[in-house]
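Reading the structure
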Amino acid sequence: EPEVTQTPSHQVTQMGQEVILRCVPISNHLYFYWYRQILGQKVEFLVSFYNNEISEKSEIFDDQFSVERPDGSNFTLKIRSTKLEDSAMYFCASSEKAWNGEQYFGPGTRLTVT
Amino acid sequence: ILNVEQSPQSLHVQEGDSTNFTCSFPSSNFYALHWYRWETAKSPEALFVMTLNGDEKKKGRISATLNTKEGYSYLYIKGSQPEDSATYLCAFKQAGTALIFGKGTTLSVSS
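Residues numbered from 1 in each chain as written. Chains lettered and ligands numbered in written order. Predicted model: local features only at pLDDT ≥ 70, side-chain atom pairs only at ≥ 80, totals over all residues. Heavy atoms only, no water.

Here we look at the sheet that holds strand β6 (residues 56-59) of chain B
As a general point, the strands of a sheet are linked pairwise by backbone hydrogen bonds and lie either parallel or antiparallel. All names here are of chain B. The five strands lie next to each other as β1-β3-β8-β7-β6, forming an open sheet whose pairing is antiparallel. Edge positions in the sheet fall to β1 (5-7) and β6, since each has one partner strand and no second. This sheet shows a mean twist of 15° between the axes of neighbouring strands, independent of strand direction. Pairing between strand β3 (residues 19-24) and strand β8 (residues 72-77): six bridges, direction antiparallel. When the sheet's bridge partners are listed, T19 is paired in β8 with I77. (Pairing = 2+ DSSP bridges. Helix = DSSP H or I, 4+ residues; strand = E, 2+ residues; numbered from the N terminus. Axes fitted to C-alpha atoms, helices over the stretch in contact; angles between N-to-C directions.)

Listed below in structure tokens is the structure:
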């Protein structure tokens, strides 16, 4: 069964460093998403991506964040200068349809900023 | 600020019991309601996406209903099994806004 994959599973970085989180969505999906969950808090939407551009983003997704689909398979989230409060589990998801379709989540990347 | 409330926060049932949870959301500008099942150490798994008032969806022993006019959805599990133990998340989308998640209902089923 096709699945969304994410790498790395755990990333430790120092404050101020850039990190890139990688995702490989399901191959025939057209819509891609990033979410995060800070420990003990709700899952939060960051950004959605369709047709090679951002379709929606939340207030969390400020200038420090960017997304890219550099080739036909990868979907990346970059944080330019990490802060302590960026420590969270980051989930990538993909779907065939937009918000009225089921989203398939990856296993997540745990980002720890020290 | 838009908010999604789920109740109860957690519950514990015996194998074979039927149970249900509630997801409450703003009733205006409804677009979609998602239910996910999230087992520990795994990723959220989509159960249902509901878009129309009165929608009823079923997958095996799990079913869900949607009332967009009053702003709630119920998730039902019939004859709970230990493998149903998980956190059940609902997420709501209004037109023009991001998907907003509730905190989830954590179900524990004892054999």
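Continuing now.
Details of the nonpolar core
Counting residues in hydrophobic clusters, the biggest one holds 24 residues, and the most contacted among them are F25, L33, W35, F48, L75, Y88 and L107 of chain B. The set of elements that each furnish at least two residues to this core consists of β2 (10-14), β3, β4 (30-38), β5 (45-50), β7 (62-67), β8, β9 (86-94) and β11 (105-110) of chain B. Here the element with the most residues in this core is β9 of chain B; it accounts for four residues. Not counting residues within four places of it along the chain, the set of residues in contact with Y88 of chain B comprises Q6, F21, W35, Y36, R37, L47, L75, I77, G104, T105 and L107 of chain B. Of all hydrophobic cores here, the second largest spans 22 residues; its members include V4, C23, I26 and F32 of chain A. (Core = buried A, V, L, I, M, F, W, Y, C linked by side-chain atoms within 4.5 Å. Buried < 20%, exposed > 50% of the residue type's maximum accessible area, 1.4 Å probe, protein only. Contact = heavy atoms within 4.5 Å.)

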